[in-house]
Amino acid sequence: MLNFAIQTAREAGNLLLEKFGRISSVTKKGDINLVTEADLASEALIIERIKSFYPKHSILAEESGEAVVKGGDASWKWIIDPLDGTTNYAHGYPCFCVTIALEHAGEIVVGVTYDPTRDEMFAAEEGEGASLNHKPISVSSESRLSESLIVTGFPYNFRDIPNFERSLKEFLLTSRGVRRDGSAAIDMAYVACGRFDGFWEEGLNPWDVAAGKLLIEEAGGRISYYDGSPFSIYKPPICASNGLIHDQMLAVLRPRD
Ligand code: IPD
Ligand code: CA
Ligand code: CA
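A quick note: this is a predicted structure, and the numbers were derived from the prediction, not measured.

Trainee: Mind showing me how you'd approach the overall build of the protein chain here?
Mentor: When helices and strands are counted, the protein chain shows 7 helices and 15 strands. The C-alpha atoms of the protein chain give a radius of gyration of 17 Å, which matches the 18 Å a tight globule of 257 residues would have. Counted over contacts in the protein chain with a minimum sequence separation of 6, partners at least 24 positions apart contribute 62%. Element-wise, carbon and sulfur atoms account for 51% of the exposed surface of the protein chain, whose accessible area totals about 11400 Å².

If you want it as C-alpha cells, here you go:
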C-alpha cells in the first residue's frame, strides 16, 4: 500500500506540475480560501486510482468530503489533500504538494507527501521509519529553541484565533527564525527530515496533517496539543517538533490570561 500511495502521489503531483502556471479557473471557497481546476483534477485522479485498487476502502478527500463504500470495510480510510498550498499554486509560487495517508482502525499506517517541483517524495509506513526519495530521514538534533528554525502557517480564519499574534511574536523573539511557506504538509515533511526543528499551527484539517503526523513520528519527532496531550488529526491545533525542543515550544504555546 505504501508503493501504491507513492505511485499515486507521483502521478497526481506530475499532473499539478503540468498545469502549474496555466490555471484559468480559480474559485473562492471563502474570503481567501481558493480551489483551482488543478485541485479538482488531482483529487479525481487519486480517487479513481483508490477505487480501482481498493474498492472497499473509505475515502476522506478535501474537495469531495467523506465517502464510505456500502458493504465495504470502513476500517480502512484514505485521507487526501490533492493540492496542499493552493494559494501558492494559484499565484505561481512553487511550494505545493500532494499528500495522501491511509488510516486503519484509527491509526495512520501509511503517509506520503510529494513535492513535484523539487521531485521530493517523503514517505512513511508505520513501524518502518520515514524516507525522502527512498533514503531514511530523521528529525534534527537541535535541543535549543534559540538555535531552531521554526515554521508555522496562517489558517484562513487566523483573525478569529486567540493568542495567535502573541505566540508568533514570542517565537520570533526566542528562535533563530520563523518561516511561513503556505503548505502545512511540506512544513511537516521538513520537520521530519530536519530542515525545520518545529512547527505549530491552528485550524488545520485531517487531510493537511495525516501524512505529516506519521512522517514526523516515524522520523523520531513528537506531536501534541499545546498542553502536551496526545494529538488527533481530527482536531486542531498542532505542535510538532524534533522532540528535543517540544517542551520549550509548549511553554510558548500554552494558553494564558
Ligand atoms: C492550506 C495550507 C496552508 C495552511 C492552511 C491550509 P490548502 O491548505 O496547508 O499552509 O496554513 O491552513 O488550509 O488550502 O492549500 O490545501
Ligand atoms: Ca491543505
Ligand atoms: Ca488542498
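Trainee: Is there a simple way to explain the coordination of the calcium ion (ligand 3) in this structure?
Mentor: Octahedral six-donor coordination of a metal ideally yields angles of 90 or 180 degrees, compared with 109.5 degrees for tetrahedral four-donor coordination. For the calcium ion (ligand 3), the protein coordination sphere consists of Glu-62 (OE), Asp-81 (OD), Asp-81 (OD) and Leu-83 (O), at 2.2 to 3.1 Å. In terms of primary sequence, the donors binding the calcium ion (ligand 3) are separated according to E-x18-D-x1-L. The metal-metal distance between the calcium ion (ligand 3) and the calcium ion (ligand 2) is 3.7 Å, with Asp-81 coordinating both. Taken together, the residues span a long stretch of sequence, with Glu-62 in the loop between strand E3 (58–61) and strand E4 (65–67) and Asp-81 in strand E5 (residues 76–84) at a distance of 19 residues.

Trainee: How should I be thinking about the site of ligand 1 in this particular structure?
Mentor: Close to ligand 1 lie 17 residues; Asp-84, Gly-85, Thr-86, Tyr-156 and Glu-201 are nearest. Between Asp-84 and ligand 1, the recorded distance is 2.7 Å, taken from a side-chain N or O atom to an oxygen atom. Take Thr-86: an N or O atom from its main chain is 2.8 Å from an oxygen atom of ligand 1. About the coverage of ligand 1: the protein hides 95% of its 380 Å² of free accessible area.

Trainee: How should the domain arrangement of the protein chain be read in this particular structure?
Mentor: When the parts of a complex come together, some accessible area is lost, and that lost area is often used as the size of the interface. Considered domain by domain, the protein chain is made up of domain 1 (2–137) and domain 2 (145–253). The gap between the C-alpha centroids of domain 1 and domain 2 is 21 Å. With 40 residues of domain 1 in contact, the opposing surface of domain 2 contributes 24 residues. Carbon and sulfur atoms supply 64% of the area buried between domain 1 and domain 2, which totals about 2500 Å² over both sides. Of the charged contacts in the structure, one is a salt bridge between Glu-120 and Arg-195, with a shortest N-O distance of 2.8 Å. For the interface between domain 1 and domain 2, the tally reads 11 residue pairs in polar contact (both at pLDDT 80 or more). Elements represented by at least two residues in the side of domain 1 that touches domain 2 include exactly E5, helix H3 (86–90), strand E6 (97–104), strand E7 (107–115), strand E8 (120–125) and strand E9 (130–132). Ranked by residue count, the leading element in the side of domain 1 that touches domain 2 is E7, at 7 residues. Its residues placed into classes, the side of domain 1 that touches domain 2 shows 20 nonpolar, 9 polar and 11 charged.

Trainee: Just to check I follow, could you spell out helix H4 (residues 164–174) for this structure?
Mentor: Residue pairs three or four apart in sequence face the same way in an α-helix, which turns once every 3.6 residues. Residues of H4 that are buried: Phe-164, Ser-167, Leu-168 and Phe-171. Seen along its axis, H4 keeps its buried residues to an arc of 100 degrees; they face one direction. Exposed and facing more than 90 degrees away from the buried side of H4 are Glu-165, Lys-169 and Leu-173.

Trainee: Any chance you could explain the sheet that holds strand E15 (residues 238–241) here in plain terms?
Mentor: Working definition: the strands of a sheet are paired by backbone hydrogen bonds and lie parallel or antiparallel to each other. Sheet architecture is open: 5 strands sit in the order E12-E11-E13-E15-E14, paired in mixed fashion. Across the chains shown, the open sheet's two edge strands, defined by having one partner strand only, are strand E12 (177–179) and strand E14 (222–224). Each strand of the sheet is rotated relative to its neighbour by a mean of 20 degrees, with strand direction disregarded. Relative to E15, strand E13 (residues 198–201) runs antiparallel, the two sharing 4 bridges.

Trainee: How should I be thinking about the packing of helix H1 (residues 2–19) against helix H2 (residues 37–53) in this particular structure?
Mentor: Packed helix pairs are specified by the crossing angle of their axes together with the interaxial distance, meaning the distance between the axes. Contact geometry of H1 with H2 gives a least axis separation of 9 Å together with a crossing angle of 155 degrees. By the angle between their directions, the pair H1 and H2 is classed as roughly antiparallel. When you trace H1 past H2, the crossing you get is right-handed. Along its contact with H1, which presents Phe-4, Thr-8, Glu-11, Ala-12, Leu-15, Leu-16 and Lys-19, the element H2 presents Glu-37, Ala-38, Ala-41, Ser-42, Leu-45, Ile-46, Arg-49, Ile-50 and Phe-53.

Trainee: Help me understand the pattern of salt bridges in this model?
Mentor: Close approach of charged atoms allows side chains of opposite charge to pair. Applying the stated criterion to the full structure yields 12 salt bridges. The salt bridge involving Glu-170 is made with Arg-166; its shortest N-O contact spans 3.1 Å. Of this pair, Glu-170 and Arg-166 both sit in helix H4, 4 residues apart, which is roughly one turn of that helix. What makes Arg-166 partly exposed here is its relative accessible area of 25%.

Trainee: I keep staring at unusual backbone geometry and nothing clicks. Help me out?
Mentor: Peptide bonds are trans in most cases, and residues, glycine excluded, mostly fall at negative phi. That bond from Pro-236 to Pro-237 is cis: its omega, 0 degrees, falls within 30 degrees of zero. With respect to the helices and strands, the residue Pro-237 is situated in the loop between E14 and E15. In this structure, Ala-105 takes a positive phi of about 50 degrees despite not being glycine. On the secondary structure map, Ala-105 appears in the loop between E6 and E7. Despite not being glycine, His-134 shows a phi value in the positive range, around 75 degrees. Position of His-134 relative to the elements: it lies in the loop between E9 and strand E10 (135–137). The exposure class assigned to His-134 is exposed, which follows from its relative accessible area of 63%.

Conventions adopted
Residues numbered from 1 in each chain as written. Chains lettered and ligands numbered in written order. Predicted model: local features only at pLDDT ≥ 70, side-chain atom pairs only at ≥ 80, totals over all residues. Heavy atoms only, no water. Helix = DSSP H or I, 4+ residues; strand = E, 2+ residues; numbered from the N terminus. Rg over C-alpha atoms; globule rule 2.2 N^0.38 Å. Contact = heavy atoms within 4.5 Å. Areas by Shrake-Rupley, 256 points an atom, 1.4 Å probe, with all protein chains shown as cover. Donors = N, O, S within 2.8 Å, 3.2 Å for Na, K, Ca; no water. Near = heavy atom within 4 Å. Polar contact = N/O pair within 3.5 Å; in protein donor to acceptor, adjacent residues only side chain to side chain. Domains from an automatic or database assignment. Buried area = accessible area lost by both parts, 1.4 Å probe. Salt bridge = Lys/Arg side-chain N within 4 Å of Asp/Glu carboxyl O. Nonpolar A, V, L, I, M, F, W, Y, C, P; charged D, E, K, R; others polar. Buried < 20%, exposed > 50% of the residue type's maximum accessible area, 1.4 Å probe, protein only. Arc of directions from axis to C-beta. Pairing = 2+ DSSP bridges. Axes fitted to C-alpha atoms, helices over the stretch in contact; angles between N-to-C directions. Parallel < 35°, antiparallel > 145°, perpendicular 65-115°, else oblique. Left-handed = near helix turned anticlockwise from the far one by under 90°.

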